[in-house]
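One-letter residues, chain by chain:
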Amino acid sequence: MAVIHRTTMKPGKLELLAGWLPARPWYAGASAAPDLARAGGFRIDDPEGEVGIEFVVVTDSSGAGPVAYLVPLTYRGAPLEGAEEGLIGTSEHGVLGTRWIYDGAHDPVLTERLLALLRGEAEPQHQSETGVPDPTVVPEAAEDALPGGAAVAGVEDGPEGTRLVVEAGGRRLGLELVRVLEAGRTVPGALGRVTAGWELPDGTRPRAAFAVLREG
């Protein structure tokens, strides 16, 4: 079970993300200096207790209207070999020391736990409370949509978001991370999805799919 420490991180997550987001192919803003605020998210535990896993939603208010982005993050106590492309930065944690912070799409532990969530083998956790499940996060998957032993064969990052190519039981699946969140967005043809909510600057709380599983 992940322990949420009430402490500092320097630089903070928003500071790191403000420098990282504008270079992403799916960034929808026009400003090289986004005005970010935390807007929601959830966590999934790593059974080994080594990797922190957090699905973070931030809103950017630098444009004509707020845009909500999903950024799955992993936190590690040492660099992840082969994941240099996914490194967002390092931060000094007040309790744990130096943490290497990655875009979770490039971290196999996050992918494995997200697949476990879709299979009903993991439980979403509250973003800022230790050991508290988050029932507002709803995973759904068709029966036998995701057999065990799934492995990621590639990461495709493009203007529409990030697609993880998953091979499982002789099948090839696409696990899409919805990077720009839109309230009520439909996902036809999905084998599974993870739906959750976030908070806009005006206090409204929309919901949408954060991750979508498709054939091929």
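Just above sits the structure.
Analysis parameters
Residues numbered from 1 in each chain as written. Predicted model: local features only at pLDDT ≥ 70, side-chain atom pairs only at ≥ 80, totals over all residues. Heavy atoms only, no water. Pairing = 2+ DSSP bridges. Helix = DSSP H or I, 4+ residues; strand = E, 2+ residues; numbered from the N terminus. Axes fitted to C-alpha atoms, helices over the stretch in contact; angles between N-to-C directions. Buried < 20%, exposed > 50% of the residue type's maximum accessible area, 1.4 Å probe, protein only. Arc of directions from axis to C-beta. Contact = heavy atoms within 4.5 Å. Salt bridge = Lys/Arg side-chain N within 4 Å of Asp/Glu carboxyl O. Phe/Tyr/Trp six-rings, centres within 6.5 Å; stacked < 30°, edge-to-face > 60°.

Asker: I would appreciate a short explanation of the sheet that holds strand β13 (residues 207-215) in the present structure.
Answerer: Within a beta sheet, neighbouring strands are joined by backbone hydrogen bonds and run either parallel or antiparallel to one another. The six strands lie next to each other as β7-β12-β13-β10-β9-β8, forming an open sheet whose pairing is antiparallel. In this open sheet, the two edge strands, each paired with only one partner strand, are β7 (138-141) and β8 (151-158). Pairs of neighbouring strands in the sheet enclose a mean axial angle of 15 degrees, with direction left out of account. In this structure, strand β10 (residues 171-177) lies alongside β13, joined through five bridges in antiparallel fashion.

Asker: It is not clear to me how helix α1 (residues 13-20) should be interpreted in this structure. Could you clarify?
Answerer: Side chains three or four residues apart in an α-helix point the same way, a direct result of the helix having 3.6 residues per turn. Looking at α1, one finds that the buried residues are Lys 13, Leu 16, Leu 17 and Trp 20. When α1 is viewed along its axis, its buried side chains cluster within an angular range of 95 degrees and face the same direction. Turned more than 90 degrees from where α1 packs its buried face, Glu 15 and Gly 19 sit exposed. Taken together, the buried residues of α1 touch β1 (9-10), β2 (36-43), β3 (52-60), β4 (67-76), β5 (87-93) and β6 (97-103).

Asker: Is there a simple way to explain the pattern of salt bridges in this structure?
Answerer: Pairing between side chains becomes possible if they bear opposite charge and their charged atoms approach one another. The final tally for this structure, using the stated rule, is 12 salt bridges. In this structure, Arg 76 engages Asp 107 in a salt bridge whose closest nitrogen and oxygen atoms are separated by 2.8 Å. Taken together, the residues Arg 76 in strand β4 and Asp 107 in the loop between β6 and α2 (108-119) connect sequence positions 31 residues apart. The same class applies to Arg 76 and to Asp 107, which are both buried.

Asker: Would you mind showing me how to read the packing of aromatic side chains here?
Answerer: Scanning the entire structure with this criterion turns up six aromatic pairs. For the ring pair Phe 42 and Phe 55, a centre distance of 4.8 Å and an interplane angle of 5 degrees mean the geometry is stacked. Placement of the pair is Phe 42 in strand β2 and Phe 55 in strand β3, with a sequence separation of 13 residues. The same class applies to Phe 42 and to Phe 55, which are both buried. Between Phe 42 and Phe 210, the aromatic rings sit 6.3 Å apart at their centres with planes inclined by 35 degrees, giving tilted as the arrangement. Taken together, the residues Phe 42 in strand β2 and Phe 210 in strand β13 connect sequence positions 168 residues apart. Judged by relative accessible area, Phe 210 falls into the buried class, the value being 2%.

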